[in-house]
Amino acid sequence: MTTRPTKRGWIAIAALVTPMAACRGEIADARPQWTVVVATDAPVPQFGDRLVVELLDEQGAPCSGCRRIFDVSHGDKWPLSFGVLPSELGGTPRMRVRLYRTADAGSDGTPGSVAGIDALARLPALGAGITRVAVELRMDCFGVAADVAAHTTCDPTGGAALPEPTLTAYAGTLDALVREGSWPRAQPVDCNGAPPAKMICIPGGAFILGFPHDFPSDIATLPTPEHVVQLGAFAIDEDEITVGQMRSLVNAKGLDEPIAHTSDPMSSTFMCSYLTKDDATNDAMALNCVPFALAERVCAALGKRLPTESEWEFVAGNAQRESSYPWGEDDDICAHAISAVGRTDIMFLEPTTCRTIGGKTGAPGPVAGGSARDATSLGVRNMGGNMAEWVADVFSPYTSACWNSARLLSNPMCSQPSMGIHSVRGSCWSCAARQARAFERLHDTTDGPSDQVGFRCAKSM
Amino acid sequence: MGGAGRFAFAASVAFSALGSVAACSTTAPARPQLVIVLDTDAPVVGQLAEGPGLSADAAIDTVRVDVMDTKNVAIELRDLVVPEKAGWPISFGVALTGPVRLRIRAFRGRLARPGTLGDAGTLESPPEITIERIVDLDSPTSGVRRVLVKLAADCLGVQSSFLDPATTCIDADHRAASPRDAIVDLAGDALPPTSVGTWSGAFDVPCAKAPAPGRMCIPGGFSVLGDLDFSGVDDIIISSSVPLHPVLVSPFHLDETEFTVGRLRALVQKGVFTGPQPTPRTPSDFILAFCTWLGPNDPANDALPVNCLDWSIADRACRIEGGTLPSEAQWEHAARGRGRGLLYPWGNQAPTCCSASGSRKGPAMIATECAGSGIEPVGSHRPSASCNGIGDVSRDGVLDLGGSVGEAMRDKSASFSDRCWRNVGIVRDPVCVDDGIVFHARRGGGWNEGLAIALTPLRLIYPDNLGSPTAGFRCAYPGGAP
């Protein structure tokens, strides 16, 4: 067995830690063995709460009994250490260590997607007594799978595939290893100054865009694969843009009018909230029936811009919490959001799951002001429902070139040539309730104004 | 598996201790205390690496312990993640005086949702796939009382009752026992050996006999029907896939392909299939133009799945062949990899135009994702290198469960929350029989539907007396008890 010296610094080399058997008095036996210390700069449990360690043969298959899953969901579990006993046949095993989230686990308990940190290395030749090695799992390698067949693993200094290194003995202290949560890009970035009126400051930070599993109505909207996204600080409107705001821009700045309400209930514009530039009746209603380009112009006229798809999801999922809904985890969508209160008549067959609550059937359509219970912890309202919302990105599946970077995405916005389809986020009064989940994706044609889609504006801070 | 036993992990992992008392005998404090030693016969996630014979759906990895007050409100809770057999039995101490009520739940972390209790973050597992036990104990007035509590896999999905008197499941024969039952006082400090992974239901059950040609053996075992990601997917043509239903499926044989025109023709010509036949292809009709039946004498479409048929024709054909239409439980057990919860018959990779026969041009005036029109011969989407090794084939070699034609089921079409499915705990070989429901269930995607229809958890409706170019069938046969 040849052993290569470690060329890169990511697998540092090692002093000893007590094996984790402390509780049952079975401190490692006296046989020569390895002690492996695993450290990470990832914040846990946000970017991983489980660690799977496998000892692999040359073909990449784990030997029998050579897989262990560790719960590493708390910062005080790091760095983690465990012992590895040698085989009576000699040799040095290959070791694969993966940090991942329970939600990303496949049915066999090991990572079911590439959303995690994956490291592959060979243990060094065993000396007398304990041979200590250390492995550092770096966030800069998040999403880069090792290739066990090709014997390559991620190089944290560049993200490229590196030949699987052979670890060497680690003589340093535990404190010298990378610390849990220390990844610089995960540190919150405060807004530079106070946000404008009626806007909420969203401190920048890193999160995982998307979700590992979902039922999509069309495959293009699958929230997989997930991506690590880093965002700068920004501010976002507390509320969806209203008819009143639109009217004042039309009257004061000469902006085009959106598609207006028509009185024929069979018309596709019957549910449009804008009336005329002089009619204030619906001023408190969220605006809909807006072409994408007009939404962009409205935000620009206010000195703002549309939020990106990543920003929108970051806000709706309560930032690093990555909650299921803007309001948290309560699955009773009807109780929180104006969602699935559509029409069922000869012309329109819309979701109505939330029309009847407690035996009372409400009227279809959006509601002025939306729902007070549809708010994020920072106070951004009606991201779950009322209107779905335009975001700045051209719609493209997460598998496409626009998103298909295994590396960290920094302030991403998909701006490939538009086929006239932009992303839309959030559920709406006539959308399916399940669309209220923060990670759900939708799309709409930019020039076919929809009574489901409104928008809010954002501003970099 | 290479090099069995070559290397091994040296030490087991320490576990969390609950309350103020550590689990280690060396650190036991002197004051009175209860030490609960918790074990289970359910398999744990760490055992799934040992081989393919265990149902992944049966594996647990998380235990939540709530300490309840007299009003059954949790006053303290812990989530213990114990995915490895070496971590069992779990032991933890409770430093309280007087009577103590614990609510203990074991489940699979990946299927639990984050929740909150007061200020504490926690995990909430669907009760249908949780082993729950409530335990009433008296704290000792002096010394250490050590008790063994076993969580029985047979109790999966059997919820406890907190009404007075409270009841809880302790094993298959005692699903409403007293919380004071089946608590074993232990003498000495030694932990008993664990029974993790000894529950027989978690293991594959082989077919007792080899299947006839053209049929595949589907080993029996444990599956969880339904999928939490499909909550809220429930409308006129889709039945709800939640709540989940744990089932035991007996081994059976399943047709490798959907029932073809040629196969039905042969039955007609042999004289064993009499009575109404499928609606024949009618070129002038824009829907019936996609029907495949050409009458009993025309072999041109023999390789195509038969479609446009009344449910009773499918049912009759299967019975003539010595089988029945598959139940939804059988179909899902086969299509989702027998307890692996696969999203598609081939795995979890999203479908493309090569991986299954779907989104082809049909009668509807909708945009299609794939080139080509009309129905394809059965087995047209076997795994291929040009499709990255993916194709419409299940773990057991059954073809076209994802696409081609949707398939008629033996069950009536009902939401998983309907009366038909209102079972408690694990059910063996369920079939939804309800005379009040007109239509039968349909599973599997159709050639002219969007590719997402290949998702195995989707539950659709078979148009019983109408038939459809999109729907056909295949048959299931007894696999024999071992």
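Residues numbered from 1 in each chain as written. Chains lettered and ligands numbered in written order. Predicted model: local features only at pLDDT ≥ 70, side-chain atom pairs only at ≥ 80, totals over all residues.

**Q** Is there a simple way to explain the overall build of chain A in this structure?
**A** A count of helical and extended segments in chain A gives four helices and 21 strands. Its C-alpha atoms put chain A at 90 × 45 × 40 Å along the principal axes. Counting every position in chain A, which comprises 461 residues, the buried fraction comes to 53%. The contacts of chain A with a sequence gap of at least 6 include a subset with a gap of at least 24, amounting to 72%. (Helix = DSSP H or I, 4+ residues; strand = E, 2+ residues; numbered from the N terminus. Buried ≥ 20, exposed ≤ 12 C-beta atoms within 10 Å, placed from the backbone. Contact = placed C-beta atoms within 7 Å.)

**Q** Can you help me understand the overall build of chain B in this one?
**A** Each helix and strand in chain B was counted, giving three helices and 22 strands. Each principal axis of the C-alpha distribution contributes one length, and for chain B these read about 90 × 55 × 45 Å. The buried share of chain B, taken over its 482 residues, is 52%.

**Q** What am I meant to see in the sheet that holds strand 18 (residues 427–428) of chain B here?
**A** Hydrogen bonds between backbone atoms are what pair the strands of a sheet, whose relative direction is either parallel or antiparallel. Residues and elements named next belong to chain B. The strand order across the open sheet formed by three strands is 13-15-18, and the pairing between neighbours is mixed. Edge positions in the sheet fall to strand 13 (221–225) and strand 18, since each has one partner strand and no second. Bridge count between strand 15 (residues 245–249) and strand 18: two bridges; the pairing is parallel. Each bridged residue has a counterpart across the sheet, and for Leu248 the counterpart in strand 18 is Arg428. (Pairing = 2+ DSSP bridges.)

**Q** Help me understand the confidence of the model for chain B, please; the structure alone is not making it clear to me.
**A** Any region with low pLDDT has predicted coordinates that should not be read closely. Residues and elements named next belong to chain B. For chain B, the average pLDDT comes to 89, and 91% of its residues sit at 70 or higher. The low-confidence segment residues 1–6, where pLDDT is below 50, has 17 contacts with residues more than four positions distant or belonging to other chains. Two summary scores accompany this predicted model of the complex, namely pTM at 0.88 and ipTM at 0.83. (pLDDT = per-residue confidence, 0-100.)

**Q** Sorry if this is basic, but what is going on with helix 3 (residues 309–316) of chain A here?
**A** Side chains that are three or four residues apart share a direction in an α-helix, a result of its 3.6 residues per turn. All names here are of chain A. Buried residues dominate helix 3, accounting for eight of its eight residues. For helix 3, every residue scored as buried is listed here: Glu309, Ser310, Glu311, Trp312, Glu313, Phe314, Val315 and Ala316. Asn318 occupies a position one or two residues after helix 3 and carries a positive phi of about 55°.

**Q** Before we go on, may I ask you to explain the nonpolar core in this structure?
**A** Considering soluble globular proteins, one finds that nonpolar side chains tend to be buried as a cluster. One finds Val38, Leu51, Val135, Ala295 and Leu306 of chain A together with Ile36 and Ala314 of chain B to be the most contacted residues of the largest nonpolar core, which totals 237 residues. With residues up to four places along the chain from it excluded, the contact list for Leu306 of chain A reads Ala295, Glu296, Cys299, Trp390, Val391, Ala392, Phe455, Cys457 and Ala458 of chain A. (Core = buried A, V, L, I, M, F, W, Y, C linked by C-beta atoms within 7 Å.)

**Q** Looking at this model, I keep getting lost on the sheet that holds strand 16 (residues 252–255) of chain B. Mind explaining?
**A** All names here are of chain B. An order of 12-16-22 is seen for the three strands of this open sheet, with the pairing classed as antiparallel. Of all the strands in the sheet, the pair left with one neighbour each is strand 12 (215–218) and strand 22 (476–478). Averaged over all pairs of adjacent strands, the angle between strand axes in this sheet comes to 30°, irrespective of strand direction. With three bridges connecting them, strand 16 and strand 22 associate as antiparallel partners. Counted as the bridge partner of Leu254 is Ala476 from strand 22. (Axes fitted to C-alpha atoms, helices over the stretch in contact; angles between N-to-C directions.)

**Q** Explain the pairing of strand 20 (residues 459–462) of chain B to me, please; I cannot follow it from the model alone.
**A** Within a regular strand, the side chains alternate between the two sheet faces. Here strand 14 (residues 238–239) of chain B runs beside strand 20 of chain B; their pairing, made up of two bridges, is antiparallel. Considered in strand 20 of chain B, the bridge of Ile238 of chain B is made with Leu460 of chain B.

**Q** How should I be thinking about the environment of Glu180 of chain A in this particular structure?
**A** Residue and element names in this part refer to chain A. Within the secondary structure layout, Glu180 lies in the loop between strand 9 (161–163) and strand 10 (199–202). Measuring from C-alpha to C-alpha, the distance between Glu180 and Arg138 comes to 9.8 Å, with 42 residues separating the pair along the chain. Not counting chain neighbours up to four residues away, the residues in contact with Glu180 comprise Thr40, Val44, Gly75 and Trp78.

**Q** Before we go on, may I ask you to explain helix 2 (residues 292–301) of chain A in this structure?
**A** Buried within helix 2 of chain A we find Phe292, Leu294, Ala295, Val298 and Cys299 of chain A. All buried residues of helix 2 of chain A lie within an arc of 160° about the axis, which places them on one face of the element. (Arc of directions from axis to C-beta.)

**Q** Please explain the pairing of strand 11 (residues 205–209) of chain A as it appears in this structure.
**A** Residues and elements named next belong to chain A. Counted residue by residue, strand 11 has five buried out of five residues, so it is predominantly covered. Summarising the sheet, strand 11 and strand 12 (residues 227–231) pair through five bridges and their orientation is antiparallel. The partner of Leu209 across the bridge, within strand 12, is His227.

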